[in-house]
Amino acid sequence: MMYGVKKDSKKIKDSIVSLNILYNKIPKTKGCLENIVKENGCKAWCCHSQNPQVLYVEFLNTWNTVIKTWNDERLESLIEKCLRKYLFPDNDKGCIFIDPDTHKCVQHESRPFNCFLPNTWVFTESGPRYISEILAGDRVYGLDGKLYKVTATATKIHKGLIYGISQQGNHIKCYSTGNHKWLVSRQKDKRKQPDPKWIDSSLLVSKKGKIDGDYLIFPKNMNHCSPISGVRKLWIDFDCKQFVNGEVIDGRIYPFTTGKMFSDRERNSIPEKLEICSEFLFMLGIYLAEGYSSTMSSSFCMNIKEKQHLDRIQTYLSSLAIPSHYTTKKNNLILRVDSAIFARLMKQLCGGLAYDKKIHPKLFEYLSESEKLNIFKGWAIGDGRKPDKTVAESVTTISEKLAVQMQQILIENGIYPRVQKYHPSKRGFISYVIMINKSSLPNWNPIQGQGSKIMYDESYIYAPMDEIDIIEYEGPVVDIQVDEIESFVTTAGIAHNCRIYGIIPDEEFKPRY
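Residues numbered from 1 in each chain as written. Predicted model: local features only at pLDDT ≥ 70, side-chain atom pairs only at ≥ 80, totals over all residues. Heavy atoms only, no water.

A. Region of interest: the packing of aromatic side chains. Scanning the model with the defined rule gives ten aromatic pairs in all. Seen from their ring centres, Phe-238 and Phe-243 are 5.1 Å apart, and the 10 degrees between their planes marks the pair as stacked. Of the two residues, Phe-238 and Phe-243, neither departs from the other in class, the shared state being buried. Where Tyr-460 meets Tyr-462, the ring centres are 6.2 Å apart and the plane angle is 80 degrees; that geometry is what we call edge-to-face. (Phe/Tyr/Trp six-rings, centres within 6.5 Å; stacked < 30°, edge-to-face > 60°. Buried < 20%, exposed > 50% of the residue type's maximum accessible area, 1.4 Å probe, protein only.)

Below, the structure is given as structure tokens:
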């Protein structure tokens, strides 16, 4: 009997067979092993500094490999390493299977993995995406706030504990296996200089009161510059033809229509190109908050007291020769645009109804950080509440994707927000609130008796960690491998590379930029 598990040879044998069936489903890898020992390689940093946690069946699988294939000399060396690690845990870091000379795993073929749940949000070049949607060739943000290429992805079935990590006041948790590392600073309060270190999920300590606890870390400023070229592409003009189909005549896009609708083509048209200006970005922000589109029209609906915002949009549309008109419904004023092609454009860029609102990935890629912040400002005017003594901005949506997109936009601009999640008491949608406390702003002047929990330095934002949600889980988990920087940014902070050895084969590697 070991670890409370009774010896059952048949059950153990069947479990190992099932485990290897799962391992065989993971693509053969290459790349990382070839670069570990190079001058600019990682030298297997993660394996030299972590003690992996494995399932019992994974331990048995590795142990069977050892006793069947290793000679006495190798076994004696392994036992000596185990004793040293047990007797002197503080002096002997790292995995017992790492070769200090080659920096490679001596039981690579039977090793386990560590990873994240598929619905973990990762900040990418095209906005936040589930880790399960990221492919080799995509670019994600690293710990220095720059973009790096994903070189590999993998998945497996995990059965055991999984750890939900989030900042205080943030309700969207990132769940990872116990031996996945996060960049944190463990300290008692803000008076101590932050000291970022990589720590396993299972060893993290929530920050409570005036005791030592962990602060999760975000890059202070994220930008689209590649660390190699230092160059990014920005839109000067917005090309509508990328998002809607139609006939282009004299710089305007007309719908492909015949019969009765042919006479409405002029009213239905939109410019082929739009200038990226504050009015365009403001219109997108208001639409995300108060807009909706059907097949034939788009509408902006606000309280009649907020007419000045709708007037601003109407003036902008008029400058583009796009007609609009007002209707009223109780205390609401509705600015309506009866144009099918304009409706298709808005649905492509921002979604049609409240629950599927989102910012198109191309806007994330080709707008600057300040331009995206202008979209947030318009959104806050439409769906935000008035600031008070403690809250600078508070905006509500029922779209989770839009909420985490706005979180990324704010962090790109060096502003730390909280994302709170509220379940309806009755039948209805879950709502998400993006909140910016005045005390979370980097230029906040403290009020007597009111302290700030957020810390800033030249490189990072530090947010105190909330209680860890530890749950039993059986299901798929996902790994990604990030080139060079070996880290990526999630909604809960900076995580280290998952422990994959290499990239998927060339025939399956399809860069997407």
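So that's the structure; there's more coming.
B. Examining the packing of helix H7 (residues 278-290) against helix H8 (residues 307-319) more closely. Across the interface, H7 lies against H8 with an axial gap of 10 Å and an inter-helix angle of 125 degrees. Here H8 runs oblique to H7, going by the angle between their axes. Viewed along their axes, H7 and H8 form a crossing whose handedness is left-handed. Facing Ser-278, Glu-279, Phe-280, Phe-282, Met-283 and Ile-286 of H7, the residues of H8 in contact are His-309, Arg-312, Ile-313, Tyr-316 and Leu-317. (Axes fitted to C-alpha atoms, helices over the stretch in contact; angles between N-to-C directions. Helix = DSSP H or I, 4+ residues; strand = E, 2+ residues; numbered from the N terminus. Parallel < 35°, antiparallel > 145°, perpendicular 65-115°, else oblique. Left-handed = near helix turned anticlockwise from the far one by under 90°. Contact = heavy atoms within 4.5 Å.)

C. Here's a closer look at the sheet that holds strand E19 (residues 418-422). Taken in spatial order, the three strands of this open sheet run E18-E20-E19, and their pairing is antiparallel. The two strands at the open ends of the sheet, each matched to only one other strand, are strand E18 (391-397) and E19. Adjacent strand axes in the sheet meet at a mean angle of 20 degrees when their direction is disregarded. With six bridges joining them, E18 and strand E20 (residues 431-437) adopt antiparallel strand pairing. Paired with Thr-396 across the bridge in E20 is Val-433. Where helix H11 (residues 369-383) meets the sheet, its contacts fall on E18 and E20, and the angle it forms with E18 comes to roughly 80 degrees. Packing against the sheet, helix H12 (residues 400-412) makes contact with E18, E19 and E20, and its axis sits at approximately 15 degrees to E20. (Pairing = 2+ DSSP bridges.)

D. Here's a closer look at the environment of Tyr-326. Relative to the assigned elements, Tyr-326 resides in strand E16 (residues 325-329). Using a relative accessible area of 26% as the deciding quantity, one classes Tyr-326 as partly exposed. Distance in space between the C-alpha atoms of Tyr-326 and Val-337 is 9.1 Å, their sequence separation being eleven residues. Tyr-326 has contacts with Lys-307, Leu-310, Asp-311, Gln-314, Leu-333, Ile-334 and Leu-335, leaving out every residue within four places of it along the chain. Polar side-chain contacts of Tyr-326 include one of 2.5 Å to the side chain of Asp-311. (Polar contact = N/O pair within 3.5 Å; in protein donor to acceptor, adjacent residues only side chain to side chain.)

E. Up close: the side chain of Gln-408. Along the chain, the position of Gln-408 falls in helix H12. Overall, Gln-408 belongs to the buried group, its relative accessible area being 0%. Apart from residues no more than four positions distant in its own chain, Gln-408 is found in contact with Phe-123, Thr-124, Gly-127, Pro-128, Tyr-141, Met-222 and Phe-364.

F. Region of the structure containing unusual backbone geometry. Here the phi dihedral of Ala-321 falls at roughly 60 degrees; this positive angle occurs in a residue that is not glycine. Within the secondary structure layout, Ala-321 lies in the loop between H8 and E16. Residue class for Ala-321 comes out partly exposed when judged on its relative accessible area of 46%.

G. Here's a closer look at the pattern of salt bridges. Here the structure, examined in full by the defined rule, presents twelve salt bridges. Taking the shortest distance from any N to any O, the salt bridge between Asp-195 and Lys-197 comes out at 3.7 Å. Its salt-bridge partner being Lys-208, residue Glu-467 comes within 2.6 Å of it at the nearest N-O pair. Within this pair, whereas Glu-467 is found in the loop between strand E22 (460-464) and strand E23 (469-482), its partner Lys-208 is found in the loop between strand E7 (197-200) and strand E8 (213-219), the two being separated by 259 residues in sequence. For Lys-208, a relative accessible area of 43% puts it in the partly exposed group. (Salt bridge = Lys/Arg side-chain N within 4 Å of Asp/Glu carboxyl O.)

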